[in-house]
There are 2 protein chains.
Amino acid sequence: MLSKSLDPVDFTRALADETRQKIMRLCCCQWLSVGEIVEKTNVTQPTVSHHLGILRQAGLVKTRRSGKMIYYTLNQEVLASGCCNLAENFAPEFPITINVENP
Amino acid sequence: MLSKSLDPVDFTRALADETRQKIMRLCCCQWLSVGEIVEKTNVTQPTVSHHLGILRQAGLVKTRRSGKMIYYTLNQEVLASGCCNLAENFAPEFPITINVENP
DNA sequence: CCATGATATTGAAATATTTATATATATCGA
DNA sequence: TCGATATATATAAATATTTCAATATCATGG
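Attention here is on the structure that accompanies the text. The model shown is predicted, which means the values in this text are computed figures rather than measured ones.

### Description of the packing of helix α2 (residues 18-26) of chain A against helix α1 (residues 8-15) of chain B
Argument step 1. For the pair α2 of chain A and α1 of chain B, the least separation of the axes is 10 Å and the interaxial angle reads 130°. Considering the angle they form, α2 of chain A stands oblique to α1 of chain B. When the axes of α2 of chain A and α1 of chain B are compared, the crossing they make is right-handed. Facing α2 of chain A, whose interface residues are E18, Q21 and R25 of chain A, α1 of chain B presents P8, V9 and T12 of chain B.

### Side note on the protein's contact with DNA strand D
Argument step 1. Among the 24 residues in the neighbourhood of DNA strand D, the closest are listed as R13, T47 and H51 of chain A together with Q45 and Y72 of chain B.
Argument step 2. T47 of chain A has a polar side-chain atom sitting 2.7 Å from a phosphate oxygen of DNA strand D.
Argument step 3. In this structure, a base nitrogen belonging to DNA strand D sits 2.7 Å away from a side-chain N or O atom of Q45 of chain B.
Argument step 4. For the surface near DNA strand D, the elements supplying multiple residues, two or more each, are α2 and α4 (45-57) of chain A together with α3 (34-40), α4 (45-57) and β3 (69-74) of chain B.
Argument step 5. Residue composition of the surface near DNA strand D, grouped by class: seven nonpolar, 10 polar and seven charged.

Conventions adopted
- Residues numbered from 1 in each chain as written.
- Chains lettered and ligands numbered in written order.
- Predicted model: local features only at pLDDT ≥ 70, side-chain atom pairs only at ≥ 80, totals over all residues.
- Heavy atoms only, no water.
- Axes fitted to C-alpha atoms, helices over the stretch in contact; angles between N-to-C directions.
- Helix = DSSP H or I, 4+ residues; strand = E, 2+ residues; numbered from the N terminus.
- Parallel < 35°, antiparallel > 145°, perpendicular 65-115°, else oblique.
- Left-handed = near helix turned anticlockwise from the far one by under 90°.
- Contact = heavy atoms within 4.5 Å.
- Near = heavy atom within 4 Å.
- Polar contact = N/O pair within 3.5 Å; in protein donor to acceptor, adjacent residues only side chain to side chain.
- Nonpolar A, V, L, I, M, F, W, Y, C, P; charged D, E, K, R; others polar.

As structure tokens, then:
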């Protein structure tokens, strides 16, 4: 089942930052701990936490705790449905569909 | 032919504002003059011009002059391809396609 | 329970964005 | 060309965002 998608303003605002998109790229298809994300970006740990918080609030990441570490991964489903929602709202003449993978 | 789409950061930043989305909604399927857009929003004419400038720079609106007036309409094609691009970048597991209308 | 390591939160500085007022530019009709 | 109207630009104030240093919280091993 596809998730309920964000309001387009909230959705785009959550995405509209270079550092957040860098983080999103990093944990797009894998689970990374905060420390690993810090290593792979040029920003401090609190800054990474801040951006992860914004992404989390928007439902754009999933989290999993393992011991002291918290692992993050991008929620691609929410991302995809947000993109479709955006297109449905602002580009109705160019219908877009998600080709959901067979389960 | 589908246009070359924006960098995801530029694309989302252009969209990430409530006033701009209001303007985008207004001129989504119609041509509106700046004055008409001002009437239908709660902001002043310079503010509308400012936002139209941001949308124009991102290629998200088309313009047409008729006498003293300049008409704007949303470039749905750029919008749609930007959405697809975003999804391709950040949600590769949920492939999205534009169903281009038959020409 | 305490010390340690991982992540989150607080507070503040730097920067960017949004908005409005004032002004400039451009087009048209007389 | 002048005046009127439509839109754009410049400037500045208010607000929001990004970032970091300092500190707090949370989970684990001893």
